[in-house]
Amino acid sequence: MRIGNVAREWTDDQLRILSEAAELQISASRVATAPRAWVPIWVVVHDRRVFVRTWYRRSTGWYGHAVAAGEAWIRVSGDPVRVRVTVEGEESVDAVDGAYRAKYGDGASSMVTPEAAASTLCLTPVP
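Predicted model only: the values in this text are computed from it and were never measured.

Peer 1: Mind laying out the overall build of the chain, listing which residues take part and the relevant values?
Peer 2: Broken down by element type, the chain carries four helices and eight strands. Secondary structure of the chain in N-to-C order comes out as α-β-β-β-β-β-α-β-β-α-α-β. The 127 residues of the chain split such that 43% are buried. A fraction of 67% describes how many contacts in the chain between residues 6 or more apart in sequence connect residues 24 or more apart. In the structure as shown, the chain presents an accessible area of about 6700 Å², 50% of it carried by carbon and sulfur atoms.

This is the structure in structure tokens:
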């Protein structure tokens, strides 16, 4: 399935793939067409929105570069998809914590700490 050409919202198939994926590969952009190294991270879907976090928030690495650029690339079913990256506010923290616990069980403990919750990013496809 080709996911590279997407609208501004996720399709049902994309959301299913992302929901079922144990990990997502992300790369912060150097420029709009040149991703950095791919990094595996956990991903959750809640209310048709796609969320990622880092357990250790810093200004370097995939997280810092994605936040600074406001966009990144993800790989879904092998296809690169350009995404807009937005920092989430407090209103979604509990729901995203719940999504991490439901998907990853006891392994999610490092992803539902206050520090990790403060790093919550929402990914939206860029056409």
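Peer 1: Please set out helix H2 (residues 61–69) residue by residue, giving values where relevant.
Peer 2: All of the buried residues along H2 are Trp 62, Tyr 63, Gly 64 and Ala 66. Just downstream of H2, Gly 70 is the residue with a positive phi angle, here 75 degrees.

Peer 1: Describe helix H3 (residues 93–104), with residues and values.
Peer 2: End to end, H3 covers 16 Å across 12 residues, agreeing with the expected 16 Å (1.5 Å per residue, within 8%). Regarding H3, the residues found buried are Val 93, Val 96, Asp 97, Ala 99, Tyr 100 and Tyr 104. In a view along the axis of H3, the buried residues occupy a sector of 160 degrees, so they form one face of it. The exposed set on the far side of H3, more than 90 degrees from its buried face, consists of Asp 94 and Ala 102. Each element contacted by the buried residues of H3 is listed here: strand E4 (43–46), strand E5 (49–52) and helix H4 (114–117). Backbone geometry just after H3 places Gly 105 at a positive phi near 60 degrees.

Peer 1: Please give an account of the pairing of strand E6 (residues 71–76) that cites residues and values.
Peer 2: Counting buried positions along E6 gives five out of six residues, so the element sits mostly inside the fold. Count of turn residues in the E6/strand E7 (residues 79–87) antiparallel hairpin: two residues, of which Ser 77 carries a positive phi of about 55 degrees.

Peer 1: Explain the side chain of Glu 71 to me, and be specific about the residues and the numbers.
Peer 2: By the element assignment, Glu 71 lies in strand E6. The class for Glu 71 is buried, based on a relative accessible area of 16%.

Peer 1: How would you explain the nonpolar core if you had to name every residue and give the values?
Peer 2: Among the nonpolar cores identified, the biggest contains 22 residues, and Trp 10, Leu 24, Val 52, Trp 62, Ile 74, Val 83 and Leu 123 are the most heavily contacted of them. If you list the elements that add at least two residues to this core, you get helix H1 (12–20), strand E1 (24–31), E5, H2, E6, E7 and strand E8 (121–125). Setting aside chain neighbours within four positions, we find Leu 24 in contact with Leu 18, Val 39, Pro 40, Ile 41, Val 43, Val 52, Ile 74, Arg 75, Val 76 and Leu 123. Core analysis: the next-biggest nonpolar cluster, separate from the first, contains 10 residues, Phe 51, Val 96, Ala 99 and Cys 122 among them.

The rules behind these values
Residues numbered from 1 in each chain as written. Predicted model: local features only at pLDDT ≥ 70, side-chain atom pairs only at ≥ 80, totals over all residues. Heavy atoms only, no water. Helix = DSSP H or I, 4+ residues; strand = E, 2+ residues; numbered from the N terminus. Buried < 20%, exposed > 50% of the residue type's maximum accessible area, 1.4 Å probe, protein only. Contact = heavy atoms within 4.5 Å. Areas by Shrake-Rupley, 256 points an atom, 1.4 Å probe, with all protein chains shown as cover. Expected span 1.5 Å × (residues − 1). Arc of directions from axis to C-beta. Pairing = 2+ DSSP bridges. Core = buried A, V, L, I, M, F, W, Y, C linked by side-chain atoms within 4.5 Å.

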